[in-house]
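Structural characterization, general
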Amino acid sequence: DLIEVKGLMGDKSDNIPGIAGIGEKPALGIIQKYKTFEKLYEKIETGEAEEIKGKMREKIINGKESALISKELRYNKCRKSNRRKYRRTWKKRMG
């Protein structure tokens, strides 16, 4: 899911911070495996995310708040964009 990936890696063009040091490739791999932040952090807390080790694990744990804020920012941006598209379509249909 784009929102989850952008939440982890951030998006400088939209001023979304993400987690420092997490790029596109690791973010995609993490979200492909865990699907959501909630599942990712749940697995880390229960010790089931054994493949996330060392510095990567440290970055994810320390960047949890930033990731959640980034996810919310991205979600709101997507929602706002979809509302604009809907309004334009509606105006075209209504004449």
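Notes on the structure follow. (Residues numbered from 1 in each chain as written. Predicted model: local features only at pLDDT ≥ 70, side-chain atom pairs only at ≥ 80, totals over all residues. Heavy atoms only, no water.)

**Considering the pattern of salt bridges**
- Considering all chains together, one arrives at seven salt bridges under this definition.
- With a closest N to O distance of 3.4 Å, K6 and D11 form a salt bridge.
- Residue class for D11 comes out buried when judged on its relative accessible area of 12%.
- Among the ionic pairs, K43 bridges to E48, the shortest N-O distance being 3.0 Å. (Salt bridge = Lys/Arg side-chain N within 4 Å of Asp/Glu carboxyl O. Buried < 20%, exposed > 50% of the residue type's maximum accessible area, 1.4 Å probe, protein only.)

**Observations regarding the packing of aromatic side chains**
- Scanning the model with the defined rule gives zero aromatic pairs in all.
- Over the ring of Y34 we find K33; its NZ or CZ atom is 5.7 Å from the centre of that ring.
- The cationic tip of K64 hangs over the ring face of Y41; the distance from NZ or CZ to the ring centre is 5.1 Å. (Phe/Tyr/Trp six-rings, centres within 6.5 Å; stacked < 30°, edge-to-face > 60°. Lys NZ or Arg CZ within 6 Å of the ring centre and 35° of its normal.)

**Brief notes about the nonpolar core**
- Formed by 16 residues in total, the largest nonpolar core has its most connected members in L8, I30, L40, Y41, I52 and I60.
- Elements that contribute at least two residues to this core include exactly α1 (2-9), α2 (24-34) and α3 (37-46).
- If sequence neighbours within four positions are ignored, Y41 has contacts with I19, I60, I61, G63, K64 and A67. (Core = buried A, V, L, I, M, F, W, Y, C linked by side-chain atoms within 4.5 Å. Helix = DSSP H or I, 4+ residues; strand = E, 2+ residues; numbered from the N terminus. Contact = heavy atoms within 4.5 Å.)

**Brief notes about the environment of K71**
- Note on placement: K71 falls in helix α5 (residues 64-94).
- Distance in space between the C-alpha atoms of K71 and I3 is 5.9 Å, their sequence separation being 68 residues.
- Excluding residues that lie within four positions of it along the chain, K71 makes contacts with I3, E4, G7, F37 and E38.

**Examining unusual backbone geometry**
- Unlike most non-glycine residues, N15 shows phi in positive territory, near 55 degrees.
- Tracing the chain through its elements places N15 in the loop between α1 and α2.
- We note that K35 has phi near 70 degrees; this positive angle belongs to a residue other than glycine.
- Relative to the assigned elements, K35 resides in the loop between α2 and α3.

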